[in-house]
Amino acid sequence: QVQLVESGGGLVQAGGSLRLSCAASGRTFSSYAMGWFRQAPAKEREFVAAISRRGGSSYYAASVKGRFTISRDNAKNTVYLQMNSLKFEDTAVYYCARDRGGTYAYTSIEEYDSWGQGTQVTVSS
């Protein structure tokens, strides 16, 4: 079972930036698409972004498109989420996840079979 460890969260003022990292264990990182989700208090976990196995394709939630960028470095077994122009409503715990290679869309939680422990992002207004 793969281990995913997120880092890079913290407290930032509105309009600021953060870069999240997710390091994966194992030797098959490049065989899987990866995704980022987030969960705010009292809300369901929601899709943020996803990236294909080699990084050639990326997908974003409408709420973050144009502000967030997902990328990956397969040599380092790491996926990143660059977050710019942060808003108060971006406050949440952010999770990275590994795609199971199934038939669900990248935006669906059911498409992912391994999750990190999460990293808190707090945006002050």
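Residues numbered from 1 in each chain as written. Predicted model: local features only at pLDDT ≥ 70, side-chain atom pairs only at ≥ 80, totals over all residues. Heavy atoms only, no water.

Participant: How should I be thinking about the overall build of the chain in this particular structure?
Facilitator: Assigned secondary structure in the chain consists of zero helices and eleven strands. Secondary structure elements of the chain occur, N-terminal to C-terminal, as β-β-β-β-β-β-β-β-β-β-β. A globule of 125 residues ought to have a C-alpha radius of gyration of about 14 Å, and the chain, at 13 Å, matches this closely. By sequence separation, contacts in the chain at least 24 residues apart represent 56% of the contacts at least 6 residues apart. Accessible surface, the chain as shown: approximately 6700 Å² in total, 46% of it carbon and sulfur. (Helix = DSSP H or I, 4+ residues; strand = E, 2+ residues; numbered from the N terminus. Rg over C-alpha atoms; globule rule 2.2 N^0.38 Å. Contact = heavy atoms within 4.5 Å. Areas by Shrake-Rupley, 256 points an atom, 1.4 Å probe, with all protein chains shown as cover.)

Participant: Please explain the side chain of Glu111 as it appears in this structure.
Facilitator: In this fold, Glu111 is placed in the loop between strand E9 (92–99) and strand E10 (112–115). Apart from residues no more than four positions distant in its own chain, Glu111 is found in contact with Arg98, Asp99, Arg100, Gly101, Gly102, Thr103, Tyr104 and Ala105.

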